[in-house]
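An overview of the molecular structure
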Amino acid sequence: MAPRVLVSDELSETAVQIFRDRGVEVDYMPKLGKDKEKLAEIIHQYDGLAIRSATKVTEKLLANATNLKVVGRAGIGVDNVDIPAASKKGVIVMNTPFGNSVTTAEHAIAMMFAVARQLPEANASTHSGKWEKSRFMGVELFNKTLGVIGAGNIGGIVCDRAVGLKMKVVAYDPFLSEERAKALGVTKVELDELLARADFITLHVPLTDKTRNILGRENLAKTKKGVRIINCARGGLIDEAALKDALDTGHVAGAALDVFETEPATENPLFGHPNVVVTPHLGASTTEAQENVALQVAEQMADYLLTGAVSNALNMPNVTAEEAAIMGPWIKLAAHLGAFIGQMTDEPIKAINILYDGTVADMNLAALNQSVIAGVLKAHNPDVNLVSAPVVAKDKGILISTTRQDKTGIFDAYIKVTMVTDKRERSVAGTCFSDGKPRFIQIKGINIDAEIGQHMLYTTNEDVPGIIGLLGMTMGKNGVNIANDPKVVETLESTGMFQQVKALQFEVA
């Protein structure tokens, strides 16, 4: 029986035809995504769901999706998909991370021109029969300093285009290496320096706890007087009320926004401001980008439903069906190791070295590598997935090295991940026992034995009395229950001080 796919948002006819040509039964209902009740009523009939941004794949919808195997998002953003719920349900979530990068970067450049020359206001004035040539006095981009916050895939393209416009480009990105910055022709700086120097600022970072309101009231006050700000990335990166105040006082000369904290944005304090250019989230809205992501998602979904091949998945690595049964526990371990070590630094990463010892060295290391790298990078960029992770790492100038070796210790196999920065190296190792459960066996050179739980706390401290009691009391006061005894390992360091390392599993009460 042929697999069935529901397309619940607008998708090109060419993309829909790909499903048919591949032998996949497809129902094209582009308005259904906005009808939550009807979608929930019929979703059980389908193996695949192809969407854009209108359809909301919630835990409630997934509860009815008894046959659903894959959700394909034509585009990069998956804010409308509950990925943890999908993972729990066993549903693969795919996106198309690179199909609209050029389009979004070009929109940012266009918005920069628009706010620099007041084009929308001048257009409206002229259409109304006025000829206000002296009213609209703009500024050149030539020789101005552009501050790029986030120099990844899209931000890197913006840097390239701005250099072509003969702008001076400074970039803030904690994971941008000096080598990559040099290749882009930009100067890497800290955020405060960027704010103080930039005539224009453009944002190209995901929305995370660390980046939310990155241009808040405090940072806006640090900007150069007369700065112009562009945001085609994510709503929530700018404190909109603070931006309005800065515009009203004249400290910020103009802003161009394609994204907003609340969307659809039918009301906003910035609407109607004479120095603000706004568009309704058009960053990816070109014929070429929409076609690219639509064709790509159709091919990916058809591949998975017909052959089991996985591409651009956010919750599953690329691995064949035959490998999955054997590699599953090791892929989970690799992700845990990467996620753990990725949280151990805020410094730019120069290299990630991955050692495979014993029987694991004979497995599909590409999938394992992707899982490690994605785990590391996800700590700072949740938009990274298992497929895009190596590309993002390359763009950031992070060197990836892999070493295989025969069994050397007491374990039949283990994986060791070492992260290198300018200041230090950090390492963590783990293995999988016969029961398939992953375990940490070494952290920063200290041997431990800790089963990996859903929530874990790792601490390093000097060997002084009362630490464990104080830690337990603090966690108790905050409603956190320690689920098993702490694993404590002590090692005498060259300083003569003892260090205690505890890997605790805990749960929120």
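Residues numbered from 1 in each chain as written. Predicted model: local features only at pLDDT ≥ 70, side-chain atom pairs only at ≥ 80, totals over all residues. Heavy atoms only, no water.

**Details of the overall build of the chain**
- In terms of helices and strands, the chain carries 16 helices and 22 strands.
- In terms of C-alpha radius of gyration, the chain reaches 25 Å, essentially the compact-globule figure of 23 Å for 509 residues.
- Projecting the C-alpha coordinates of the chain onto the three principal axes gives extents of approximately 85 × 65 × 45 Å.
- Across the 509 residues of the chain, 50% fall into the buried class.
- Considering only contacts in the chain between residues 6 or more positions apart, those separated by 24 or more positions represent 62%.
- Within the structure as shown, the chain displays about 24000 Å² of accessible surface, and the carbon and sulfur contribution to it stands at 52%.
- Measuring between centres, the 52 positive side-chain charges of the chain sit 4 Å from its 60 negative side-chain charges. (Helix = DSSP H or I, 4+ residues; strand = E, 2+ residues; numbered from the N terminus. Rg over C-alpha atoms; globule rule 2.2 N^0.38 Å. Buried < 20%, exposed > 50% of the residue type's maximum accessible area, 1.4 Å probe, protein only. Contact = heavy atoms within 4.5 Å. Areas by Shrake-Rupley, 256 points an atom, 1.4 Å probe, with all protein chains shown as cover. Lys, Arg positive; Asp, Glu negative; His and termini not counted. Charge placed at Lys NZ, Arg CZ, Asp CG, Glu CD.)

**Digging into the sheet that holds strand β12 (residues 276-278)**
- The parallel open sheet is built from seven strands, whose spatial order is β8-β7-β6-β9-β10-β11-β12. Across the chains shown, the open sheet's two edge strands, defined by having one partner strand only, are β8 (187-188) and β12.
- Sheet topology places strand β9 (residues 200-203) next to strand β10 (residues 227-231); four bridges connect them, and they run parallel. Looking at the pairing, Phe200 lines up with Arg228 of β10.
- Packing of helix α11 (residues 240-249) onto the sheet brings it into contact with β10, β11 (252-257) and β12, and relative to β11 it is tilted by some 140°. (Pairing = 2+ DSSP bridges. Axes fitted to C-alpha atoms, helices over the stretch in contact; angles between N-to-C directions.)

**Some thoughts on the pairing of strand β16 (residues 425-432)**
- Most of β16 is tucked away: six of the eight residues are buried.
- Remark: three residues form the turn of the hairpin made by strand β15 (residues 413-421) and β16, two consecutive strands paired antiparallel.
- Two elements, β16 and strand β17 (residues 438-443), share five bridges in a ladder whose sense is antiparallel. When the sheet's bridge partners are listed, Val428 is paired in β17 with Ile443.

**Section: the pairing of strand β4 (residues 70-73)**
- Burial of the side chains of β4 extends over both faces: Val70 and Gly72 are buried on one face and Val71 and Arg73 on the other.
- Judged from the four bridges that link them, strand β3 (residues 48-51) and β4 form a sheet pairing that is parallel. Its bridge partner lying in β4, Ile51 is registered against Arg73.
- In terms of handedness, the path from β3 via helix α3 (residues 59-64) over to β4 forms a crossover that is right-handed.
- Looking at chain direction, β4 and strand β5 (residues 92-94) are connected through three bridges and run parallel. Each bridged residue has a counterpart across the sheet, and for Val71 the counterpart in β5 is Val93.
- In this fold, β4 hands off to helix α4 (residues 83-89), which returns the chain to β5; that crossover is right-handed. (Right-handed = clockwise from strand over helix to strand, strands pointing away.)

**Side note on the pattern of salt bridges**
- Throughout the structure, instances matching the rule amount to 25 salt bridges.
- The salt bridge partner of Glu41 is Lys38, with a shortest N-O separation of 3.8 Å. Separated by three residues within a single helix, Glu41 and Lys38 lie in helix α2 (residues 36-42), roughly one turn from each other.
- Owing to a relative accessible area of 35%, Lys38 belongs among the partly exposed residues under this scheme. (Salt bridge = Lys/Arg side-chain N within 4 Å of Asp/Glu carboxyl O.)

**A word on the sheet that holds β5**
- Spatially, the five strands line up as an open sheet ordered β2-β1-β3-β4-β5, and their pairing is parallel. Looking along the sheet, the strands with just one partner apiece sit at the ends: β2 (25-28) and β5. Recorded for the sheet is a direction-independent mean angle of 15° between the axes of neighbouring strands.
- Strands β1 (4-7) and β2 of the sheet are contacted by helix α1 (residues 13-21), whose axis makes an angle of about 155° with β2.
- Its contacts with the sheet put helix α12 (residues 287-307) on β1, β3, β4 and β5, and the angle it makes with β4 is roughly 165°.

**Some details on the environment of Leu337**
- Secondary-structure assignment places Leu337 in helix α13 (residues 321-342).
- Measuring from C-alpha to C-alpha, the distance between Leu337 and Val376 comes to 8.1 Å, with 39 residues separating the pair along the chain.
- With residues up to four places along the chain from it excluded, the contact list for Leu337 reads Ile415, Val417, Val428, Ala429, Gly430 and Phe440.

**A closer look at the packing of α1 against α12**
- Put simply, α1 and α12 touch, their axes get as near as 8 Å, and they point 15° apart. By the angle class used here, α1 and α12 are roughly parallel. α1 and α12 meet at a crossing whose hand is right-handed. Contacts between α1 and α12 involve Thr14, Ala15, Ile18 and Phe19 on the former and, on the latter, Glu291, Ala294, Leu295, Ala298, Glu299, Met301 and Ala302.
- Residues belonging to the contact of α1 with α12 are distributed by class as follows: eight nonpolar, one polar and two charged. (Parallel < 35°, antiparallel > 145°, perpendicular 65-115°, else oblique. Left-handed = near helix turned anticlockwise from the far one by under 90°. Nonpolar A, V, L, I, M, F, W, Y, C, P; charged D, E, K, R; others polar.)

**A closer look at the packing of helix α5 (residues 101-117) against helix α7 (residues 153-164)**
- At their nearest, the axes of α5 and α7 sit 9 Å apart, and the two run at 50° to each other. Regarding the angle of α5 to α7, the classification is oblique. As α5 runs across α7, the sense of the crossing is right-handed. Taking contact as the criterion, the partners of Ser101, Val102, Thr104, Ala105, Ala108 and Ile109 in α5 are, on α7, Asn153, Ile154, Ile157, Val158, Arg161 and Ala162.
- Counted by class, the contact of α5 with α7 contains eight nonpolar, three polar and one charged residues.

**A closer look at the confidence of the model for the chain**
- Considering every residue of the chain, the mean pLDDT works out to 89; 93% of them sit at 70 or more.
- Note on residues 485-509: pLDDT under 50 across the span, and 81 contacts to partners over four residues away in sequence or across chains. (pLDDT = per-residue confidence, 0-100.)

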